[in-house]
Amino acid sequence: MRKKTMIALLSAITATAQADINVGVTLSATGPAASLGIPEKNTIDLLPRSIAGQKVNYIVLDDASDTTTAVKNTRKLISENKVDVVIGSTTTPNALAMIDVAAESETPMIALAASAHIVEPMDEKRRWVFKTPQNDAQMATAIIEHMTSNNVKTVAYIGFADAYGEGWWNEFSKLAEVRKLKVVANERFNRTDTSVTGQVLKLLTARPDAILIGGAGTPAALPQKSLKEKGYKGTIYQTHGVANNDFLRICGKDCEGTLLPSGPVLVAAQLPADNPVRQTAGDYVARYEAVHGKGSVNAFGGYAWDAGVLLGQAIPLALRKGAPGSREFRAGLRDALEATRNLPGAHGVFNMSANDHLGFDQRARVMVTIRDGAWQLAR
């Protein structure tokens, strides 16, 4: 009897040790943010299916760019699929709404949305949350520096009427005041709007030297096209939220000369040879374009790739703390992610800490311009 009990116990331990690692993913593969979510979904398909000898399963759900669905997906992934970590979602409102679910279940979450509020200020909930896109403040600083270096004195802002647009307004307006840039107009529009004529006319009345559009994906093309149609001749800046080829396609010739900050991955081949992320960004570009064609890569797929890079570093360490599927393994993943140091990804070099769950410095950004329908490193 004792021998049978011992064999059963050893079998159970072996089965636990060999349990699969389950990664839950919720992305905006349809809806207004689909141009961002689709390359993220494509990139998840490229992530390794085995890490440190353990099989890795990716359970991918579409939240249709809807906040309620993103929360529902997160609950399903955690309660039904028993995932060890959640990746997503694509947009800031969705990612912010998911935090409570991840925290209450003590499941690590790696967001693919930009707002600093996803990981700041650090508290008991956000200690379970990490993200891969650059903070708005980092990118806003790059825009402000470019404006002041190019004799921009007055600027107007038009952004989404949601957490993304508000986050950008808060960061940009604060920095503009410090750098003595005069903000002469501040407008909002919805991701699903089909016209922004009223807002654009107010911007034009203010006669700014430059206009910043605080939007993401293809909806951010709407105010730009309207500004061009109404004859605006000043400089137009966009955020890193438009760094995808669908935006180029929708905006067309109206995008020519637009300036925006981006992660280095967007112009990987144009980076100086000594850039610390040129190789890692180039490796991702090569993998993605081998499947989806030359010129198909964009910044948003890079955010999903970097989530995989982080997990590749963290999983072997977490396995020392517990088996996949256990509370100890999830806690080990959280601790390992927070301890990430000097890890190059497609967008920058990760150096995380207890108070910084992004871990990027200024190496994670470059200024890019649109020339002849393509991304060019701004010199």
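The preceding data block contains the structure.
As a starting point, this report considers the structure included with it. Keep in mind that what you see is a predicted model, and the values were worked out from it rather than measured.

## Observations regarding the overall build of the chain
Turning to step 1, where the next piece is worked out: Across its full length, the chain carries 12 helices and 15 strands.
Turning to step 2, where the next piece is worked out: Radius of gyration (C-alpha) of the chain: 22 Å, near the 21 Å computed for a compact globule of 379 residues.
Turning to step 3, where the next piece is worked out: A principal-axis box enclosing the C-alpha atoms of the chain has dimensions of 90 × 40 × 35 Å.
Turning to step 4, where the next piece is worked out: Taking all 379 residues of the chain together, 55% fall into the buried category.
Turning to step 5, where the next piece is worked out: Pairs at least 24 residues apart make up 68% of the contacts formed inside the chain by residues separated by at least 6 positions.
Turning to step 6, where the next piece is worked out: Across the chain, the mean location of the 42 positive side-chain charges is 2 Å away from that of the 37 negative side-chain charges.

## Looking at the pairing of strand β4 (residues 85-88)
Turning to step 1, where the next piece is worked out: Alternating positions in β4 separate into two faces, Val85 and Ile87 on one and Val86 and Gly88 on the other, with burial throughout.
Turning to step 2, where the next piece is worked out: Both strand β1 (residues 21-27) and β4 contribute to a ladder of 4 bridges, which runs parallel. Bridge pairing in β4 places Gly24 opposite Val86.
Turning to step 3, where the next piece is worked out: In this structure, β4 lies alongside strand β5 (residues 109-111), joined through 2 bridges in parallel fashion. Its bridge partner being in β5, Val86 is matched across the sheet by Met109.

## Some words on the nonpolar core
Turning to step 1, where the next piece is worked out: By size, the foremost hydrophobic cluster in this structure holds 100 residues, and its most contacted members are Val23, Met147, Phe247 and Trp375.
Turning to step 2, where the next piece is worked out: Counting residues per element, this core draws most heavily on helix α11 (residues 299-318), which supplies 11 residues.
Turning to step 3, where the next piece is worked out: In this structure, Phe247 is in contact with Gly217, Thr218, Ala220, Ala221, Gln224, Gln238, Val242, Gly252, Cys255, Ile370 and Trp375, ignoring residues within four places of it in sequence.
Turning to step 4, where the next piece is worked out: With 18 residues, the next largest nonpolar core counts Ala70, Val71, Val83 and Ala95 among its residues.

## Looking at the sheet that holds strand β6 (residues 129-131)
Turning to step 1, where the next piece is worked out: Strand order in the open sheet formed by 6 strands is β2-β3-β1-β4-β5-β6, with mixed pairing between adjacent strands. The strands lining the two open edges of the sheet, one partner per strand, are β2 (50-51) and β6.
Turning to step 2, where the next piece is worked out: Bridge count between β2 and strand β3 (residues 54-62): 2 bridges; the pairing is antiparallel. Bridge pairing in β3 places Ile51 opposite Gln54.
Turning to step 3, where the next piece is worked out: On top of the sheet, helix α2 (residues 34-44) reaches β1, β3 and β4; it is set at about 165° to β1, its chief contact.
Turning to step 4, where the next piece is worked out: Against the sheet, helix α12 (residues 327-338) contacts β1, β4, β5 and β6, and its axis sits at roughly 45° relative to β6.

## Side note on the packing of aromatic side chains
Turning to step 1, where the next piece is worked out: A complete count under the given rule lists 7 aromatic pairs for this structure.
Turning to step 2, where the next piece is worked out: Every member of this aromatic cluster is reached through a ring pair, and the members are Phe160, Tyr164 and Phe189.

## Digging into the pattern of salt bridges
Turning to step 1, where the next piece is worked out: Tallying each qualifying case throughout the model produces 15 salt bridges.
Turning to step 2, where the next piece is worked out: Residue Glu166 is joined to Arg188 by a salt bridge in which the shortest nitrogen-to-oxygen separation is 2.5 Å. Here the residue Glu166 occupies a position in helix α6 (residues 163-178), and Arg188 occupies one in strand β8 (residues 182-189), the gap between them amounting to 22 residues.
Turning to step 3, where the next piece is worked out: Of the charged contacts, one joins Lys174 and Glu171 as a salt bridge, the two residues approaching to 3.5 Å between their closest N and O atoms. Pair noted here: Lys174 and Glu171 are both in helix α6, with a separation of 3 residues, about one helical turn.
Turning to step 4, where the next piece is worked out: Taken together, the shared-partner salt bridges in this structure form one network comprising Lys225, Lys253 and Asp254.

## Some points on the state of the cysteines
Any covalent bond linking the sulfur atoms of two cysteines counts as a disulfide.
Turning to step 1, where the next piece is worked out: Counted according to the given criterion, the structure contains 1 disulfide.
Turning to step 2, where the next piece is worked out: Two residues share a disulfide in this structure: Cys251 and Cys255, whose sulfurs sit 2.3 Å from each other. Its S-S torsion of approximately 125° makes the covalent link between Cys251 and Cys255 right-handed.
Turning to step 3, where the next piece is worked out: Of the residues examined, Cys255 reaches a relative accessible area of 1% and is grouped as buried.

About the criteria used
- Residues numbered from 1 in each chain as written.
- Predicted model: local features only at pLDDT ≥ 70, side-chain atom pairs only at ≥ 80, totals over all residues.
- Heavy atoms only, no water.
- Helix = DSSP H or I, 4+ residues; strand = E, 2+ residues; numbered from the N terminus.
- Rg over C-alpha atoms; globule rule 2.2 N^0.38 Å.
- Buried < 20%, exposed > 50% of the residue type's maximum accessible area, 1.4 Å probe, protein only.
- Contact = heavy atoms within 4.5 Å.
- Lys, Arg positive; Asp, Glu negative; His and termini not counted.
- Charge placed at Lys NZ, Arg CZ, Asp CG, Glu CD.
- Pairing = 2+ DSSP bridges.
- Core = buried A, V, L, I, M, F, W, Y, C linked by side-chain atoms within 4.5 Å.
- Axes fitted to C-alpha atoms, helices over the stretch in contact; angles between N-to-C directions.
- Phe/Tyr/Trp six-rings, centres within 6.5 Å; stacked < 30°, edge-to-face > 60°.
- Salt bridge = Lys/Arg side-chain N within 4 Å of Asp/Glu carboxyl O.
- Disulfide = S-S within 2.5 Å.

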